[in-house]
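Residues per chain are reported as follows:
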Amino acid sequence: PATEGFWREDLPPQRTSTTNVRGRPYQLTEFAFALFPTRTGRLDIGEGAVDLVIQDRRGGRRSIDPFGFFANYAQRRVALRSKPLVVRVDPLPEPRPEDFTGGVGSFRLRGSLERAETGQNEPLTLVLTVEGIGNVSTVGDPRLPEMPGVRTYASGSDVQSSRDGDQLRGAKTFRLVLVPESTG
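Because the structure is predicted, anything quoted here is derived from the model rather than measured.

Thresholds, definitions, all that
- Residues numbered from 1 in each chain as written.
- Predicted model: local features only at pLDDT ≥ 70, side-chain atom pairs only at ≥ 80, totals over all residues.
- Heavy atoms only, no water.
- Helix = DSSP H or I, 4+ residues; strand = E, 2+ residues; numbered from the N terminus.
- Rg over C-alpha atoms; globule rule 2.2 N^0.38 Å.
- Buried < 20%, exposed > 50% of the residue type's maximum accessible area, 1.4 Å probe, protein only.
- Contact = heavy atoms within 4.5 Å.
- Areas by Shrake-Rupley, 256 points an atom, 1.4 Å probe, with all protein chains shown as cover.
- Lys, Arg positive; Asp, Glu negative; His and termini not counted.
- Charge placed at Lys NZ, Arg CZ, Asp CG, Glu CD.
- Core = buried A, V, L, I, M, F, W, Y, C linked by side-chain atoms within 4.5 Å.
- Salt bridge = Lys/Arg side-chain N within 4 Å of Asp/Glu carboxyl O.
- Pairing = 2+ DSSP bridges.
- Axes fitted to C-alpha atoms, helices over the stretch in contact; angles between N-to-C directions.
- Phe/Tyr/Trp six-rings, centres within 6.5 Å; stacked < 30°, edge-to-face > 60°.
- Lys NZ or Arg CZ within 6 Å of the ring centre and 35° of its normal.

Looking only at helices and strands, the chain features 0 helices and 12 strands. Computed over C-alpha atoms, the radius of gyration of the chain comes to 27 Å, more than 25% over the 16 Å expected from 2.2 N^0.38 for 184 residues, which places it beyond the range of a compact globule. Each principal axis of the C-alpha distribution contributes one length, and for the chain these read about 95 × 40 × 20 Å. Classification of the 184 residues of the chain by burial places 18% in the buried group. If you take every contact in the chain between residues at least 6 apart in sequence, the share linking residues at least 24 apart comes to 65%. Counting only carbon and sulfur atoms, one obtains 51% of the accessible surface of the chain, whose full area is about 13800 Å². Between the averaged position of the 25 positive side-chain charges in the chain and that of its 23 negative side-chain charges there is a distance of 14 Å.

We now examine the nonpolar core. Within the largest apolar cluster, 7 residues are counted, these being Leu126, Leu128, Val130, Val139, Phe174, Leu176 and Leu178. Mapped onto this core, the elements with two or more residues apiece are strand 10 (124–134) and strand 12 (167–180). Setting aside chain neighbours within four positions, we find leucine 128 in contact with Leu109, Arg110, Gly111, Pro142, Leu144, Lys172, Thr173, Phe174 and Leu176.

Looking now at the pattern of salt bridges. Here the structure, examined in full by the defined rule, presents 14 salt bridges. One salt bridge connects glutamate 47 with arginine 81, and the closest N-O pair in it is separated by 3.6 Å. Taken together, the residues span a long stretch of sequence, with glutamate 47 in the loop between strand 5 (41–45) and strand 6 (49–57) and arginine 81 in strand 7 (residues 73–81) at a distance of 34 residues. Judged by its relative accessible area of 41%, glutamate 47 is partly exposed.

With that out of the way, let us pick up unusual backbone geometry. In terms of backbone geometry, most residues other than glycine have negative phi values and most peptide bonds are trans. Looking along the chain, the bond that leaves glutamate 94 and enters proline 95 is cis, with omega of -5°. Its place among the elements puts proline 95 in the loop between strand 8 (85–89) and strand 9 (105–113). Backbone geometry places arginine 22, a non-glycine residue, at a positive phi of 50°. Positionally, arginine 22 belongs in the loop between strand 2 (15–21) and strand 3 (24–30). One non-glycine residue, asparagine 121, lies in positive phi territory at about 65°. Overall, asparagine 121 belongs to the partly exposed group, its relative accessible area being 44%.

Before going further, it helps to spend a moment on the sheet that holds strand 12. Read across the open sheet, the 4 strands follow the order 9-10-12-11; overall the sheet is antiparallel. Edge positions in the open sheet fall to strand 9 and strand 11 (150–164), since each of these has one partner strand only. Each adjacent strand pair in this sheet contributes to an overall mean axis angle of 15°, direction not counted. Sheet topology places strand 10 next to strand 12; 10 bridges connect them, and they run antiparallel. From the neighbouring strand, threonine 125 faces strand 12, where its bridge partner is valine 177.

Right, let's get into the environment of leucine 128. Within the secondary structure, leucine 128 sits in strand 10. Taking the C-alpha atoms as reference, leucine 128 lies 15 Å from glycine 103; in sequence the two are 25 residues apart.

Turning next to the packing of aromatic side chains. A full pass over the atoms with the stated rule returns 0 aromatic pairs. In this structure, arginine 8 packs its charged tip against the face of phenylalanine 33, placed 3.8 Å from the ring centre.

Relative to the assigned elements, glutamate 131 resides in strand 10. Ignoring anything within four residues of it in the chain, the contact list for glutamate 131 reads Ser106, Phe107, Arg108, Arg110, Gly170 and Ala171.

Okay, here's the thing in structure tokens:
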């Protein structure tokens, strides 16, 4: 479906099962998406659509030809459509924390240094990982406290996401290079 106004993440894998409706077997396939609103107000989720080919029994007759089993069925194209949905998105609560960078979810932060000691002007990498349930892709760059005598350089980040039931779980890892300008 069209999801303008949302950050959309597919939640693979597709779930496939069989079900009976009024005594007839059907194959059921679910497609799941995590939607994260990128603006407030009324947002529309468009109709879901799928085009498929089904085997349809011709007039309910059975052929007397033992090799004519498949002659009793015809293929026909069917277009299935769901109803569109409307979602009302409220703004985030105010006042926002001063260090808010955009991530909404249930997250925790952990950090580590590549080693505990270094020398003057020898770079050291600080690794910060935000992980939890929500869209970690929207978590902004970390803000470090003032560290007089230490130069800092962003060294990149990467995101890993996975499905946890019907939720999006992930981790965003930031690497920062720290260069101490003095000893101590």
